[in-house]
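Geometric and topological summary
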Amino acid sequence: MLFNDVQTTTVADLQSTTNMTLEELKKNLAPLFGEAKPAKKILLKDPPGKNIEPTDVVSVNVKFTDKMRRLKIPTVASKLTNEERKQSKDTVDEDRKHAIEAAIVRVMKARKTLDHQSLIGEVTTQLISHFKVEPRGVKKRIEELIAREYLERDQENPNMFKYLA
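I will try to describe carefully the structure that is included in this document. Given the structure is predicted, the values throughout are model-derived calculations rather than measurements.

Things to note about the packing of helix H4 (residues 82–111) against helix H5 (residues 116–127)
In the contact formed by H4 and H5, the axes pass within 9 Å of each other and the chain directions differ by 120°. Taken together, the axes of H4 and H5 are oblique relative to one another. The handedness of the crossing between H4 and H5 is right-handed. Together, Ala99, Ile100, Ala103, Ile104, Arg106, Val107, Met108 and Arg111 of H4 and Leu119, Glu122, Val123, Gln126 and Leu127 of H5 make up the contact between the two elements. The residue inventory of the contact of H4 with H5, partitioned by class, reads nine nonpolar, one polar and three charged.

Okay, here's the thing in C-alpha cells:
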C-alpha cells in the first residue's frame with residue numbers, strides 16, 4: 001500500500017511507517033529483495049547487495065512477473081538463542097508434566113486400582129495424539145503423585161497402584 005503513493009522510499013522511512021525494529025524489518029525485506037530466490041525480486045534496492053542499510057532506497061520491481069496467481073514468498077527463519085531454546089524446552093516439559101499427571105489421575109479415577117504396565121499403557125494411549133510419551137516420564141509422574149498422596153502402592157503387590165480421592 002505504501003508504494004501506491006510513492007515510487008521509491010528509504011528503509012528508514014519503511015521502518016518509521018511500519019513501526020518495526022531495523023532487525024525485524026531486514027528479516028522481512030530480505031525475501032522481497034530476492035535473496036532466497038533471485039527470480040522473485042519483488043522489490044529493488046539501491047545500492048544492490050545483501051546488506052540492508054537505513055539509507056538504502058527501495059522501489060517496486062515493475063518488471064516482475066510470475067505465472068502463479070498467488071506468490072509464495074519464503075520467510076527467513078529466526079535464529080533462537082540457546083537461552084530462548086532452553087526456556088522454550090522448559091515450558092514444553094512443564095506443560096507435558098501436567099498433561100501426564102492429568103492423564104494418570106483420569107485413568108486411576110476410572111479404574112481405582114491398576115498395575116504399573118497397564119497404567120503406563122493407558123496413559124500413553126491417551127497422550128499419543130499430543131506428544132510421544134516416555135515411560136520414564138510417566139514413572140516419574142506416578143512417583144510424584146504418590147508423594148502428593150493422589151496414589152498409593154498396594155501393600156501386597158508393589159506393582160499395583162490405588163487411587164486416593
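Having seen it, we continue.
Points about H5
Under the 1.5 Å per step criterion, the end-to-end length of H5 is 17 Å for 12 residues, consistent within 8% with the ideal 16 Å. Listing the buried residues of H5 in full gives His116, Leu119, Ile120, Val123 and Leu127. Relative to the axis of H5, the buried residues are bounded by an arc of 95° and lie together on one face. Within H5, the exposed residues directed more than 90 degrees away from the buried face are Gln117 and Thr125. Packed against the buried residues of H5 are H4, strand E4 (113–115), helix H6 (135–147) and strand E6 (160–163).

Observations regarding the sheet that holds strand E5 (residues 151–153)
With antiparallel pairing, three strands are arranged side by side in an open sheet as E4-E6-E5. Sheet topology places E4 and E5 at the edges, where each strand pairs with a single neighbour. Going across the sheet, the axis of each strand differs from the next one's by a mean of 30°, ignoring polarity. With three bridges connecting them, E5 and E6 associate as antiparallel partners. Within the sheet, the bridge partner assigned to Glu152 lies in E6 and is Lys162. Docked against the sheet, H5 engages E4 and E6, running at close to 95° with respect to E4.

What counts, and at which threshold
- Residues numbered from 1 in each chain as written.
- Predicted model: local features only at pLDDT ≥ 70, side-chain atom pairs only at ≥ 80, totals over all residues.
- Heavy atoms only, no water.
- Axes fitted to C-alpha atoms, helices over the stretch in contact; angles between N-to-C directions.
- Helix = DSSP H or I, 4+ residues; strand = E, 2+ residues; numbered from the N terminus.
- Parallel < 35°, antiparallel > 145°, perpendicular 65-115°, else oblique.
- Left-handed = near helix turned anticlockwise from the far one by under 90°.
- Contact = heavy atoms within 4.5 Å.
- Nonpolar A, V, L, I, M, F, W, Y, C, P; charged D, E, K, R; others polar.
- Expected span 1.5 Å × (residues − 1).
- Buried < 20%, exposed > 50% of the residue type's maximum accessible area, 1.4 Å probe, protein only.
- Arc of directions from axis to C-beta.
- Pairing = 2+ DSSP bridges.

None of the figures reported here should be taken as evidence of function without further support.
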